[in-house]
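# Descriptive structure summary
So the chains spell out like this:
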Amino acid sequence: MAATFPDPRPGTRPTDEAAHPASDRASRVEAHGIDHIADEERHGHPRQLFSIWAAANVNYLSLVTGGALVLMGLSLWQALAVIVVGNLCWLLTGLLAVSGPAAGAPSEVITRAMYGVFGNRVNNAIVGWLISVCYFALNLAAAGTAAFSLVEKAGLTANTTVKIIVVMVIAAVTLAIGVYGHAMITRLYLPITLVLTAVFAVVAVPVLAHTDFGHTPAEPLSGAGLWSALVAGVTLIGAGPLSYTTSADFSRYLPRTAPVRAVFGWTALGGFVPSVVVCSLGACAATAVDMSNPQTGLEQLLPAWFTPVFLLALVLGTIAINALTSYSAGLALQAVGIRIRRTRSVLVDGVAAVSLTLYGLLMSNFLDTVSNVLQLTVVLLGPAMAVYATDILLRRNRYDGPALMDETPDSRFWYTAGFNPAGVLALPAGVTAAALCVNTLYTGPVAHALGGLDLALPVGIVVASTLYALLTKAFART
């Protein structure tokens, strides 16, 4: 495990479809669900993880969140600093990914080690399935917004009926990728990354040409107000990487011998680099145009001929991120204990997400929804990520994949009546501590005492991680 990053070994990357096992070929619907991936079916190279995460993070939502930082009253350089700090949460996403090759199982199964067989079903129902569906809907709404503009530019009226059709078409394409599964994602995401990189490189030229690098708000923030905005901004940006408590889903097909540093590094870089770049473009654009309506604002900076290309790229990027989300949500639904094939579970997720999307687009303000959802979900996602990461470190990433598949009372992960007290106590404690510190949809007592400072993200992570480590050691001695 002492290999350096990036892993230089040649010859491990498949060069054609025949190099993949029959259970994981892009031309076939993936055969596996939450079951264990045997060693003889493992293949690929950690570097493939970079394009998977990069394609998913060159998207409209990143532009929206980047622009929102300036709208919150931050100067450009303060916003850029917040973007870098918030995206450091991708280090946690990278850490969780290393458990995939070790166990040959998805995150939804590996977390049985943290919560027990029954406790993990509850965890997957909320952290795995419900949160994934909410993010699916949020991103689908973003793609729909861009697609509606394309419809208008084509000379059609984007009325309610047209909007419903557009959302359903985008969802159908997204779900098709999720249904085909891992190999299709691996095959498609490198060209998607290249296309999106080229488009956003063109976008960057007029955006940077119009950027006011000395931008400060008319009434600069200071003192407690400034700190509140900075912390809220980090939370807003960090919510993205923290939502991927399922990064092992996309690394589990890698050989058991895949270098840990390479799996960690390519995953983290794949999320960090594009997220920083695209969020920064959103922040820069906000110094030149009104980003309260990001799409309309950016169109003022782009050449007229390029606007449709840009809108198509926004839709493509959102499809990429949502295909990952729908894939993981499908696995989560299986891990809840529902006996359903992965292909059908993905479709169930799609129906739920489309319903939420249409509500978000037709009944509420999109930008407010984005900000509130992203900031509030960290109350749950921060502690969940912390427990998972802490378990990897405590176990030194040693997971017995076949043993994790055993859901009987004889399982090593049955613990007490199907619940691991360490995880079952640490996660709610972290969530409770974070909830007391929130200042988003409501103001918690801690935030109120601190003058509105929202410390939900760091407090939730620290409490959950510390308590899980202490309880794990305590119960190990009993």
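Values in this document were obtained by computation on a predicted structure and should not be read as measured data.

## Overview of the overall build of the protein
The secondary structure content of the protein amounts to 20 helices and 0 strands. In summary, the protein has a C-alpha radius of gyration of 22 Å against a globular reference of 23 Å for 478 residues, a match within 12%. Dimensions of the protein along its principal axes, counting C-alpha atoms only, are 60 × 60 × 45 Å. Burial statistics for the protein: of 478 residues in total, 58% are counted as buried.

## Here we look at the nonpolar core
Formed by 130 residues in total, the largest nonpolar core has its most connected members in Ile110, Met114, Tyr189 and Phe310. In terms of residue count, the dominant contributor to this core is helix 8 (residues 117-153) (13 residues). Ignoring sequence-local partners within four residues, the contact set of Ile110 consists of Ser99, Gly100, Ala103, Ala105, Ala248, Tyr388, Tyr399 and Leu404. Residues Val379, Ala434, Cys437 and Ala456 belong to the second largest nonpolar core, which totals 5 residues.

## Structural notes on the confidence of the model for the protein
Across the protein, the average pLDDT comes to 89, with 91% of residues at or above 70. Predicted confidence for residues 1-16 stays below pLDDT 50, and this span has 32 contacts to residues more than four positions away or in other chains.

## Structural notes on the packing of helix 10 (residues 182-210) against helix 14 (residues 307-335)
At a minimum axis distance of 10 Å, the contact between helix 10 and helix 14 shows a crossing angle of 150 degrees. The orientation of helix 10 with respect to helix 14, classified from their angle, is roughly antiparallel. Regarding helix 10 and helix 14, the two cross each other, and that crossing is left-handed. Contact residues: His182, Ile185, Tyr189, Ile192, Val195, Leu196, Val199, Phe200 and Val203 in helix 10; Val309, Phe310, Ala313, Leu314, Leu316, Gly317, Ile319, Ala320, Ala323, Leu324 and Tyr327 in helix 14. For the contact of helix 10 with helix 14, a count of residues per class yields 18 nonpolar, 2 polar and no charged.

## Side note on the environment of Leu356
In this structure, Leu356 sits in helix 15 (residues 342-363). With relative accessibility at 40%, the residue Leu356 sits in the partly exposed group. In this structure, the C-alpha to C-alpha distance between Leu356 and Val133, residues 223 residues apart in sequence, is 8.5 Å. Look past the residues within four positions of Leu356 in its chain and what remains in contact with it is Val133, Cys134 and Ala137.

## Regarding helix 3 (residues 76-87)
The terminal C-alpha atoms of helix 3 lie 17 Å apart, and with 12 residues this matches the ideal 16 Å at 1.5 Å per residue to within 8%. All of the buried residues along helix 3 are Leu76, Ala79, Leu80, Val82, Ile83, Gly86 and Asn87. The buried side chains of helix 3 occupy one side of the element, clustering within an arc of 160 degrees when seen end-on. Where the residues of helix 3 are buried, they touch helix 2 (60-71), helix 4 (90-97), helix 11 (223-242) and helix 12 (260-286).

## Regarding the packing of aromatic side chains
All chains considered together, the criterion is met by 11 aromatic pairs. Centre to centre, the rings of Trp53 and Tyr244 are 4.8 Å apart; their planes meet at 80 degrees, and the pair counts as edge-to-face. Remark: Tyr244 occurs in the loop between helix 11 and helix 12 and Trp53 occurs in helix 1 (residues 48-55); sequence separation between them is 191 residues. A relative accessible area of 6% means that Tyr244 is categorised as buried. Taking 5.4 Å as the distance between ring centres and 75 degrees as the angle between the ring planes, the aromatic pair formed by Trp305 and Phe306 counts as edge-to-face. A relative accessible area of 62% means that Trp305 is categorised as exposed.

## Quick look at helix 20 (residues 456-476)
Between its terminal C-alpha atoms helix 20 stretches 30 Å, which fits the 30 Å expected from 21 residues at 1.5 Å a residue. Among all positions in helix 20, only Ala456, Leu457, Gly460, Ala464, Tyr468, Ala469 and Leu471 are buried.

## Examining the pattern of salt bridges
Under the criterion given, the structure shown has 8 salt bridges. Arg256 is paired through a salt bridge with Asp39; the nearest N and O atoms lie 2.8 Å apart. With a gap of 217 residues between them, Arg256 in the loop between helix 11 and helix 12 and Asp39 in the segment before helix 1 connect regions that are remote in the sequence. Under the relative-accessibility criterion, Arg256 is labelled partly exposed at 38%.

## Considerations on unusual backbone geometry
Although it is not a glycine, Tyr415 sits at a positive phi angle of roughly 55 degrees. Within the secondary structure, Tyr415 is located in the loop between helix 17 (401-404) and helix 18 (421-436). Backbone geometry at Ala417 places phi at a positive 55 degrees, although glycine is not the residue there. Secondary-structure assignment places Ala417 in the loop between helix 17 and helix 18.

## Section: a nonpolar patch on the surface
Together, Phe118, Val122, Ile126, Leu130, Phe419 and Val424 make up a nonpolar patch on the protein surface, roughly 450 Å² of accessible area in all. Counting residues per element, the nonpolar patch draws most heavily on helix 8, which supplies 4 residues. Counting through the fold element by element, Phe118 comes out in helix 8. Judged by its relative accessible area of 31%, Phe118 is partly exposed.

## Details of the side chain of Thr390
Tracing the backbone through its elements, the reader meets Thr390 in helix 16 (residues 366-395). At a separation of 2.7 Å, a polar atom in the side chain of Thr390 contacts the main-chain carbonyl oxygen of Ala386. With residues near it in sequence (within four places) discarded, Thr390 still touches Ser465, Tyr468 and Ala469.

## Structural notes on the side chain of Arg252
Relative to the helices and strands, Arg252 is located in the loop between helix 11 and helix 12. By relative accessible area, which is 0% here, Arg252 ends up buried. A polar side-chain atom of Arg252 sits 3.1 Å from a polar atom in the side chain of Glu30. Polar contacts involving the side chain of Arg252 include one to the main-chain carbonyl oxygen of Gly33, which spans 2.9 Å. Ignoring any residue separated from it by four or fewer positions in sequence, one finds Arg252 in contact with Glu30, Gly33, Asp35, Ile37, Arg42, Gly100, Pro101, Gly104, Ala105, Pro106, Tyr327 and Leu331.

## Details of the state of the cysteines
The tally for this structure, following the rule as stated, stands at 0 disulfides. Distance from the sulfur of Cys89, which forms no disulfide, to the nearest cysteine sulfur (Cys279) is 12 Å. The closest cysteine sulfur to the non-disulfide-bonded Cys134 is located on Cys89, 20 Å from its own sulfur.

Analysis parameters
- Residues numbered from 1 in each chain as written.
- Predicted model: local features only at pLDDT ≥ 70, side-chain atom pairs only at ≥ 80, totals over all residues.
- Heavy atoms only, no water.
- Helix = DSSP H or I, 4+ residues; strand = E, 2+ residues; numbered from the N terminus.
- Rg over C-alpha atoms; globule rule 2.2 N^0.38 Å.
- Buried < 20%, exposed > 50% of the residue type's maximum accessible area, 1.4 Å probe, protein only.
- Core = buried A, V, L, I, M, F, W, Y, C linked by side-chain atoms within 4.5 Å.
- Contact = heavy atoms within 4.5 Å.
- pLDDT = per-residue confidence, 0-100.
- Axes fitted to C-alpha atoms, helices over the stretch in contact; angles between N-to-C directions.
- Parallel < 35°, antiparallel > 145°, perpendicular 65-115°, else oblique.
- Left-handed = near helix turned anticlockwise from the far one by under 90°.
- Nonpolar A, V, L, I, M, F, W, Y, C, P; charged D, E, K, R; others polar.
- Expected span 1.5 Å × (residues − 1).
- Arc of directions from axis to C-beta.
- Phe/Tyr/Trp six-rings, centres within 6.5 Å; stacked < 30°, edge-to-face > 60°.
- Salt bridge = Lys/Arg side-chain N within 4 Å of Asp/Glu carboxyl O.
- Patch = residues over 30% accessible without salt bridge, like charges linked within 9 Å, V, L, I, M, F, W, Y side chains within 5 Å.
- Areas by Shrake-Rupley, 256 points an atom, 1.4 Å probe, with all protein chains shown as cover.
- Polar contact = N/O pair within 3.5 Å; in protein donor to acceptor, adjacent residues only side chain to side chain.
- Disulfide = S-S within 2.5 Å.

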